[in-house]
Amino acid sequence: MTTAGEAAPPVVNAHRRPAGRGDGAERSAMSYAFIALYAILAVAFGIMPAFYALYLAFTTGDGGFAGVDNFVKVVGDFRFGPAVTHVALYLVIWLVALVVLVSFLAIVVHAVRVRWMSRTLRFIFYLPGALAGASSVLLWLFVLDPTASPVSGLLHLLGFSSFVQTIVPGNLPPVFAIIAFWTGAGGWIVIMYGALNNISHDVIEAARIDGATTVQIAWRVQLPLLRKWISYMGIMSLAAGTQLFVEPQLLSQASNAVVPNDYSLNQLAYQYAFQQNDFNGAAAISLLLLVIALALSAVFVTRGGLFERG
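Remember, predicted model here, so these are calculated numbers, not experimental data.

1. Quick notes on the confidence of the model for the protein
Interpreting fine coordinate detail is not advised for predicted regions of low pLDDT. Looking at the protein as a whole, its pLDDT mean stands at 84, while 88% of the residues score no less than 70. Per-residue pLDDT, averaged within each element of the protein, yields its smallest value for helix H4 (residues 115–126) (71) and its largest for helix H2 (residues 69–76) (95). Contacts from residues 1–6, a stretch scored under 50 in pLDDT, to residues over four places away or in other chains number three contacts.

2. Here's the deal with the packing of aromatic side chains
Scanning the model with the defined rule gives nine aromatic pairs in all. Each ring, one from Tyr52 and one from Tyr55, has its centre 6.3 Å from the other, and the planes form 20 degrees; the classification is stacked. Here Tyr52 and its partner Tyr55 are both found in helix H1 (residues 21–57), three residues apart, which amounts to about one turn of the helix. Tyr55 sits in the partly exposed class, given a relative accessible area of 44%.

3. Overview of the nonpolar core
Ranked by size, the top nonpolar core spans 60 residues in total, and within it Tyr90, Trp94, Val102, Phe176 and Leu251 carry the most contacts. Sort the elements by how many residues they give to this core and helix H8 (residues 172–197) lands first, with 13 residues.

4. Considering a nonpolar patch on the surface
Together, Val43, Ile47, Met48, Phe51 and Leu54 make up an exposed nonpolar region whose accessible area comes to about 470 Å². Mapped onto the fold, Ile47 is located in helix H1.

5. Side note on the side chain of Thr166
Of note, Thr166 is situated in helix H7 (residues 163–166). Using a relative accessible area of 3% as the deciding quantity, one classes Thr166 as buried. For Thr166, the side chain forms a polar contact with the main-chain oxygen of Ser162, separated by 3.0 Å. Beyond its immediate chain neighbours, meaning those up to four positions away, Thr166 contacts Leu144, Pro146, Phe160, Asn171 and Val175.

6. A short note on the packing of helix H3 (residues 80–111) against H8
It is at 7 Å that the axes of H3 and H8 come closest, and there the two elements cross at 35 degrees. Remark: the crossing between H3 and H8 carries right-handed chirality. When grouped by side-chain class, the residues that make up the contact of H3 with H8 number 24 nonpolar, two polar and no charged.

7. Considering helix H13 (residues 265–274)
Residues lying three or four places apart along an α-helix face the same way, a consequence of the helix completing one turn every 3.6 residues. In terms of burial, H13 is largely enclosed, as eight of its 10 residues are buried. Considered for burial, the residues of H13 that qualify are Leu265, Asn266, Gln267, Leu268, Ala269, Gln271, Tyr272 and Ala273. Residues of H13 that are buried sit in contact with H2, H3, helix H12 (246–254) and helix H14 (279–304).

8. Details of the environment of Phe125
Here Phe125 is to be found in helix H4. Put simply, Phe125 and Gly187 are 62 residues apart on the chain and 7.3 Å apart in space, counted from C-alpha to C-alpha. In this structure Phe125 touches Leu105, Val109, Gly186 and Ile189, once residues within four positions along its chain are discounted.

Rules behind the numbers
- Residues numbered from 1 in each chain as written.
- Predicted model: local features only at pLDDT ≥ 70, side-chain atom pairs only at ≥ 80, totals over all residues.
- Heavy atoms only, no water.
- pLDDT = per-residue confidence, 0-100.
- Helix = DSSP H or I, 4+ residues; strand = E, 2+ residues; numbered from the N terminus.
- Contact = heavy atoms within 4.5 Å.
- Phe/Tyr/Trp six-rings, centres within 6.5 Å; stacked < 30°, edge-to-face > 60°.
- Buried < 20%, exposed > 50% of the residue type's maximum accessible area, 1.4 Å probe, protein only.
- Core = buried A, V, L, I, M, F, W, Y, C linked by side-chain atoms within 4.5 Å.
- Patch = residues over 30% accessible without salt bridge, like charges linked within 9 Å, V, L, I, M, F, W, Y side chains within 5 Å.
- Areas by Shrake-Rupley, 256 points an atom, 1.4 Å probe, with all protein chains shown as cover.
- Salt bridge = Lys/Arg side-chain N within 4 Å of Asp/Glu carboxyl O.
- Polar contact = N/O pair within 3.5 Å; in protein donor to acceptor, adjacent residues only side chain to side chain.
- Axes fitted to C-alpha atoms, helices over the stretch in contact; angles between N-to-C directions.
- Left-handed = near helix turned anticlockwise from the far one by under 90°.
- Nonpolar A, V, L, I, M, F, W, Y, C, P; charged D, E, K, R; others polar.

As structure tokens, this is what we get:
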């Protein structure tokens, strides 16, 4: 018993295990196990193939040192220039559409006050991303055929009466950009929506108190705070866009070579490796793609302030 002037003894929970070094050691060991698994896969399927491609690019077929001969050969190929132009046009259309429309749609979805509607919109946007790349292209083969397309009226309005007319090489950059946007934009909208949720509500309320309209809040508050996320989206989308292969390859097979089988740089590398048996030239194209992607990614990093603190 305790008297009125005495403090009651602290209650000790007999079932609570005191934290010790064992818990931290277990968590640390588990962390190292996960990191080790990733490191093994990264070395086996990322770093080693990259070094092997580097070796092939600077050697001849019999293993001798070739210097820059492989690069000179592929750059001088009459197919290289058109392939670069095709990929560049596709990337410009796709990245501009991605940055503008994804940011706009994410802000619109975030502005919807009805919770069930917001969830429904996010699900609808994300749904096309559930299709694999090849499956998505096969679906678009029907969409692009005016004789079977659900939007045949629009295709006829644009002057296309056959599948071949729709997929002539001059139309392909916007076509591939539409396919890529339809497939990948939904996932980025969901990511941007999450980033918008991280913006302090106090900041938005302060802007409203200062008299800012919804459009002004989006332009002057939300978009600047999304800059790093937009930069990250640009880098990842750029890396995927330079690897354009599945879409033109399937369209080439479906159109009986109306779409050339060397339309993109990845297709040209495929032709070098498996049609001409020139793995050294294919490796040279791969390294050129890597250098171009890294240079363009550096622009997104510096302009987007991706690694800036605060």
